[in-house]
Amino acid sequence: MRDVLFSRVRLFDPASGLDLQGDLLVHDGLIADFGPSLGHADDAAVVAEEGAVLCPGLVDMRAALGEPGYEYRETIASAAEAAAAGGVTTLAALPDTLPAIDDPALVRLLRARGEETGSLTILPYGAVTVGCRGEELAELGLLAEAGAIAFTDGSRAVGSARLMRLALSYAKGFGARIVQHPEEPSLAAEGAATEGELATRLGLPGTPAAAEAILVARDIRLAALTGGAVHFAHVSTAEALQLIRQAKAEGISVSCDTAPPYFDLNETAIGDFRTYAKLSPPLRKDTDRLAVVAALGDGTIDAIASDHQPRDADDKRQPFAQATPGGTGLATLLSVTLAQVHSGALSLGQAIALMTEGPARLLGIKAGRIAKGLPADLCLFHPERIWQVEAGQLPGKAQNTPFDGRALEGVVLGTWKAGRQVFG
Amino acid sequence: MSYRQKHLLAIEGLYPPEIGHLLDLAESYVLLNRSGKTQRDLLRGRTLINLFFEDSTRTRTSFEIAGKRLGADVINMSVSTSSVNKGETLLDTAATLNAMHCDLLVVRHDQSGAPNLLAQKVDAAVINAGDGTHEHPTQALLDALTIRRRKGRLEGLIVAICGDVLHSRVARSNIHLLTTMGSRVRVVGPPTLMPAEAARLGVEVFHDMERGLAGADIVMMLRLQRERMQRGLVPSAREYFRFFGLDAAKLAAAKPDALVMHPGPMNRGVEIDSAVADDPQRSVIREQVEMGVAVRMAVLDTLSRGRGRNEF
């Protein structure tokens, strides 16, 4: 494999505190060296971009792939294409597929399928319960042994307090985290939007925002009771974030992530019944959005995940309440997050850390950092260049972006997986 | 200024002159209808399709009569929503309608926003004849016309909308129309049947009938579906009638000349007592039906003009 020399770019890695205008050399797929100036390498492919930032390849701790079972929405190959275009080189895949990832063989299959892409490391989540049905525990030990990175029922909350207690308790023995979709199921069952004035005007069944805090409060207590580790996915309300902030201060093993829609959009995006903006959990009031921004800044939120949920046209061309929730997120993850940097809410270091070091630490993997000897998983982006999101023009198969029409500052110029350029 | 929209999907967002225009025109159709004359050339050669995904003999018939009085070719299509993939049916239907060169499309659907979705896909002017728990614009217009003819105005009147506001598209459309036209609107019902943040719609919220009806000029009752009791939103029909059913005693709190309205069909003995519903001094329920035809004629007339004849 030919060497790659990134020349006079801004080397940026929050994990190691690196922020340096300089060069980085990739040899044999590994980061061989970096510094202010590495001189000239004759046989290396030189990458030079004025004003560009080179950061670790992004680690996305939450994405649905469509495989197995929903290939009409997305395949692993098309998701890998979208991931590469978004600068994502490592991705934790949700298990609520068809069949669900509740068998060790399926975990191994997904890992292998990731390797086949050559551009994306896929870290499969194992199902907490058989079939993600919320009835009986899956074989967490065997799944962990096969390489499941953590456990979750994906878009479905583990609704039974008893089952959640057992899962937290049992998974602790394997050092694994339980990732919860925090919506109290009986309150969220019929909801198509966040309960409130807008849902009332649109005549849509609402889920109270408190459905999130209710489950978060319960599971914090269960984590304290069991000593297990709970992680809340795509947290979106002020109330839940405050509970998590408090639990962290008390030393309870709790962590959380959010996704770009929850700090970039509010519920008004669903106006006129726009189903692309129908997500799970639903978009919130702007006060909640602002609380998410604040929690990104103060460290309450540990990671930003793409929350990529591919849907096809038939899933979305429905009356709002019948449309399938979910939005794509891989290709827009970095740019939408950078909007918080441009607005001054986050430093560049905070923003990148939330997509590299933060999720890597939660998943316990050696990725999301720039260090000599590590695989050269890298993302080169221009923080100021602009583009416009357009459904239909996104990389990959799924086009259901909630950011359709959004103008964004920050463009991924290229992505490298183990030293090989996979995008740009 | 007259009506400026291509469709009639919702009352929310309409301006007072647009509503006023539709009511004035409807008024003229009331007189025409009563005179026994017809105006069968207005929509001659135009096709009106009544597309009903939800049963409603009353509303469908009203649109059918309105269309026929104006000379349109009226076709009724009832589509079952029991099939598994409802959305596919909806858009398949849209494609079919385009192929048939439908001019005016009246849609009733059990899902909020379904007419909006159809309006994006069909060439016809779309009239929402009730969508889920969202809106029922022609019902609000006919209610307003009924009130205006009896009371001479809408502005300043106290209107109490009572019952299952949460699930009522009639309530939503009436709230938007009446607040836009300057009425003081109250909503009255148990908290479990009140939509979240209802007050943000510009209404006063009451959970007690006597207080809610005190001094009201208009008492508008809403239908309570049996399903609400099965889902536990209300413990029982008798309890509901005891606290929220309109009878003479509760009506006594309203002004002596207060009018009683109901969009129909009524559940007698659940939300309204027969003695009140059939009281010729108070109830204008039958008049509402008459106004319905006139209002729908006005809407069909306006939307067909709005598009310009040459477009047909």
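1. A short note on the domain arrangement of chain A
Residues and elements named next belong to chain A.
- Assigned domains of chain A: these are domain 1 (4-53 + 375-423) and domain 2 (56-363).
- Computed over C-alpha atoms, the centres of domain 1 and domain 2 are 26 Å apart.
- Interface area for domain 1 against domain 2, summed over the two sides, is near 3300 Å², with a carbon-plus-sulfur share of 65%.
- In terms of surface lost to domain 2, no three residues of domain 1 exceed Asn400, Pro402 and Phe403, which account for 21% of the buried area on that side.
- Joining domain 1 to domain 2, the criterion identifies one salt bridge.
- As a salt-bridge pair, Asp264 and Arg406 come within 2.7 Å of each other at their nearest N and O atoms.
- Where domain 1 touches domain 2, the interface holds 17 residue pairs in polar contact (both at pLDDT 80 or more).
- Of all elements in the fold, only strand E1 (4-13), strand E16 (378-388), strand E17 (407-417) and strand E18 (420-423) reach the threshold of two or more residues within the side of domain 1 that touches domain 2.
- Looking at the side of domain 1 that touches domain 2, the element that brings in the most residues is E17, giving seven residues.
- In terms of residue class, the side of domain 1 that touches domain 2 is made up of 20 nonpolar, six polar and 10 charged.

2. A look at empty space enclosed by the protein
All names here are of chain A.
- Inspection of every chain in the model, using the stated rule, returns one cavity of 30 Å³ or more.
- Here the largest cavity defines a volume of roughly 50 Å³.
- Considered class by class, the residues forming the lining of the largest cavity number six nonpolar, three polar and one charged.
- Per-domain counts for the lining of the largest cavity show at least three residues from each of domain 1 (4-53 + 375-423) and domain 2 (56-363).

3. Considering the pattern of salt bridges
Residue and element names in this part refer to chain A.
- Considering all chains together, one arrives at 37 salt bridges over all chains under this definition.
- Of the charged contacts, one joins Arg284 and Glu212 as a salt bridge, the two residues approaching to 3.6 Å between their closest N and O atoms. A residue pair is termed long-range when its members are at least 10 positions apart, and Arg284 in the loop between helix H9 (260-264) and helix H10 (286-297) and Glu212 in helix H7 (residues 210-226) qualify at 72 residues. Just as Arg284 is buried, Glu212 falls in that class too.
- Arg289 is paired through a salt bridge with Asp286; the nearest N and O atoms lie 2.6 Å apart. Residue Arg289 and its partner Asp286 are both found in helix H10; the two are separated by three residues, about one turn of the helix.

Calculation rules
- Residues numbered from 1 in each chain as written.
- Chains lettered and ligands numbered in written order.
- Predicted model: local features only at pLDDT ≥ 70, side-chain atom pairs only at ≥ 80, totals over all residues.
- Heavy atoms only, no water.
- Domains from an automatic or database assignment.
- Buried area = accessible area lost by both parts, 1.4 Å probe.
- Salt bridge = Lys/Arg side-chain N within 4 Å of Asp/Glu carboxyl O.
- Polar contact = N/O pair within 3.5 Å; in protein donor to acceptor, adjacent residues only side chain to side chain.
- Helix = DSSP H or I, 4+ residues; strand = E, 2+ residues; numbered from the N terminus.
- Nonpolar A, V, L, I, M, F, W, Y, C, P; charged D, E, K, R; others polar.
- 1 Å grid on protein atoms, 1.4 Å probe; cavity = no way out; pocket = protein on both sides within 12 Å on 5 of 7 lines; lining within 4 Å.
- Points joined across faces, edges and corners; volume = space filled by probe spheres on them.
- Buried < 20%, exposed > 50% of the residue type's maximum accessible area, 1.4 Å probe, protein only.

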